[in-house]
Amino acid sequence: MKQIINTKAAPAAIGPYSQAIQVGNLVYTSGQIPINPATGSFVEGGIQEQTRQSLNNVKAILEEAGLGMENVIKTTVFMADMGDFAAMNEVYAQFFVEPYPARSAIAVKTLPKGALVEIEVVAAKG
């Protein structure tokens, strides 16, 4: 049975989806873009600031589920420009410790609301 995970500490869904769903011991987050939940606006700055906010949003959702970033087993990072990979990776590395989660990084044509990055994760309880 699936359980909805929702927190006001992360941006509200902007469509017909949940911030996250838990099934068994796995939590699947929806992609998080760099919206500051307090203002409802994008954070100012470039790829590093947007990566930090996206991951902070992921972290808030996981905390609502009783998890932390150490529980993440897989991430998917969508970027508007693969040329931003190294700068994104610098910030990304600040959120994870070994053993690092598996990761895919994909360049896409556009992201919601013109974001530079969107990040989704799968995390495991236990």
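Higher on the page you've got the structure.
Residues numbered from 1 in each chain as written. Predicted model: local features only at pLDDT ≥ 70, side-chain atom pairs only at ≥ 80, totals over all residues. Heavy atoms only, no water.

A. Region of the structure containing the sheet that holds strand β6 (residues 72-79). Overall, mixed pairing links the six strands, which are arranged β1-β2-β3-β8-β6-β7 in an open sheet. The outermost strands of the open sheet, each flanked by one partner alone, are β1 (2-5) and β7 (102-107). Going across the sheet, the axis of each strand differs from the next one's by a mean of 15 degrees, ignoring polarity. When β6 meets strand β8 (residues 117-124), the two strands line up antiparallel, connected through seven bridges. Each residue of the ladder has a partner; that of Phe78, found in β8, is Glu118. Against the sheet, helix α1 (residues 47-64) makes contact with β1, β2 (20-23), β3 (26-29), β6 and β8, and its axis sits at roughly 30 degrees relative to β8, the strand it touches most. (Pairing = 2+ DSSP bridges. Helix = DSSP H or I, 4+ residues; strand = E, 2+ residues; numbered from the N terminus. Axes fitted to C-alpha atoms, helices over the stretch in contact; angles between N-to-C directions. Contact = heavy atoms within 4.5 Å.)

B. Layout of the layout of surface pockets. Here the largest pocket is characterised by a volume of approximately 160 Å³. Every residue lining the largest pocket is counted, 13 residues in all, and those nearest its centre are Ile14, Tyr17, Gly31, Gln32 and Ile33. Taken together, the residues that form the lining of the largest pocket break down as eight nonpolar, four polar and one charged. (1 Å grid on protein atoms, 1.4 Å probe; cavity = no way out; pocket = protein on both sides within 12 Å on 5 of 7 lines; lining within 4 Å. Points joined across faces, edges and corners; volume = space filled by probe spheres on them. Nonpolar A, V, L, I, M, F, W, Y, C, P; charged D, E, K, R; others polar.)

C. Focus on the side chain of Thr7. By secondary structure assignment, the location of Thr7 is in the loop between β1 and β2. One polar contact links the side chain of Thr7 to the main-chain amide nitrogen of Ala9, over a distance of 3.0 Å. (Polar contact = N/O pair within 3.5 Å; in protein donor to acceptor, adjacent residues only side chain to side chain.)

D. Layout of helix α2 (residues 85-92). Buried residues of α2: Met88, Val91 and Tyr92, and no others. The buried residues of α2 occupy an angular sector of 100 degrees when the element is viewed end-on, so they sit on one face. What points out from α2, more than 90 degrees from its buried face, is the exposed set Ala86 and Glu90. (Buried < 20%, exposed > 50% of the residue type's maximum accessible area, 1.4 Å probe, protein only. Arc of directions from axis to C-beta.)

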